Amino acid sequence: MSSELFIDEKTFIASINGAYCRRKSDALSEIAKNLMFPQHFGNNLDALEDCLTDLSWIGKNKVILIINDFDYFLKDESSDLKETFLEIFKDTEKEWETSETESKNFILVTN
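Residues numbered from 1 in each chain as written. Predicted model: local features only at pLDDT ≥ 70, side-chain atom pairs only at ≥ 80, totals over all residues. Heavy atoms only, no water.

Undergrad: Please clarify how the side chain of lysine 60 should be interpreted in this entry.
TA: Looking at the element boundaries, lysine 60 is found in the loop between α2 (45-54) and β3 (62-68). An unpaired buried charge is present at lysine 60: no salt bridge exists, and glutamate 9, the closest side chain of opposite charge, is 5.3 Å distant. A polar contact is formed between the side chain of lysine 60 and the backbone oxygen of glutamate 9, at a distance of 3.2 Å. (Helix = DSSP H or I, 4+ residues; strand = E, 2+ residues; numbered from the N terminus. Buried < 20%, exposed > 50% of the residue type's maximum accessible area, 1.4 Å probe, protein only. Lys, Arg positive; Asp, Glu negative; His and termini not counted. Salt bridge = Lys/Arg side-chain N within 4 Å of Asp/Glu carboxyl O. Polar contact = N/O pair within 3.5 Å; in protein donor to acceptor, adjacent residues only side chain to side chain.)

Here it is as structure tokens:
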């Protein structure tokens with residue numbers, strides 16, 4: 001089960017269950033749903049990266065993505081694909097940290 005939590009005016013938290021994201025298509029779908037990606041989301045890694053570096057529709061300066069049961073996240077896929085997702089998340093964190101327009105943070109939490 002997934003959920004969205006709002007903790008203050010500037011922070012948005014999305015939580016997904018890694019057990020529901022064993023395949024790439026499921027992971028993309030869960031992330032898109034919980035981070036409220038636009039309808040035109042392309043359901044691929046390039047579109048994931050594009051949407052994560054934007055997230056303007058959320059309207060918050062801090063976005064936290066929690067992946068529970070992370071051991072199951074992409075379990076039915078190659079370890080290389082899981083690493084690619086992690087690289088996209090890390091790149092997003094860096095992109096948000098270096099935003100010139102305002103102080104922004106994207107944080108991935110796994111457990």
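Having seen the structure, we can now continue with the description.
Undergrad: What is the right way to look at the nonpolar core in this model?
TA: Nonpolar side chains in soluble globular proteins tend to be buried together. Counting 31 residues, the largest nonpolar core has Ile31, Leu35, Phe37, Leu48, Phe73, Phe85 and Phe89 as its most contacted members. Elements supplying a minimum of two residues to this core: β2 (11-17), α1 (24-34), α2, β3, α3 (79-97) and β4 (105-110). Setting aside chain neighbours within four positions, we find phenylalanine 37 in contact with Ile31, Ala32, Leu48, Cys51, Leu52, Leu55 and Trp57. (Core = buried A, V, L, I, M, F, W, Y, C linked by side-chain atoms within 4.5 Å. Contact = heavy atoms within 4.5 Å.)

Undergrad: Hey, could you run me through unusual backbone geometry in this one?
TA: Trans peptide bonds make up most of the peptide bonds, and negative phi angles are found at most residues other than glycine. Although it is not a glycine, asparagine 43 adopts a positive phi angle of roughly 55°. Position of asparagine 43 among the secondary structure elements: in the loop between α1 and α2. For asparagine 43, a relative accessible area of 43% puts it in the partly exposed group.

Undergrad: Explanation requested: the environment of alanine 32 in the structure shown.
TA: Here alanine 32 is to be found in helix α1. Judged by relative accessible area, alanine 32 falls into the buried class, the value being 13%. Expressed as a C-alpha distance, the spacing of alanine 32 and leucine 48, which sit 16 residues apart in the sequence, is 8.0 Å. Ignoring anything within four residues of it in the chain, the contact list for alanine 32 reads Phe37 and Phe41.

Undergrad: Help me understand the pattern of salt bridges in this model?
TA: Charged atoms that come close allow side chains of opposite charge to pair. Counted according to the given criterion, the structure contains two salt bridges. Measuring nitrogen to oxygen at the nearest pair gives 3.2 Å for the salt bridge that ties arginine 22 to aspartate 76. Of this pair, arginine 22 sits in the loop between β2 and α1 while aspartate 76 sits in the loop between β3 and α3, and the two are 54 residues apart along the sequence. Assessed through its relative accessible area of 28%, arginine 22 is described here as partly exposed. On the basis of relative accessibility, which here comes to 46%, the residue aspartate 76 falls in the partly exposed class. For the salt bridge of glutamate 30 with lysine 33, the shortest nitrogen-to-oxygen distance reads 3.3 Å. Note that glutamate 30 and lysine 33 are positioned in helix α1 at a spacing of three residues, about one turn of the helix. When its relative accessible area of 48% is taken as the criterion, lysine 33 is described as partly exposed.

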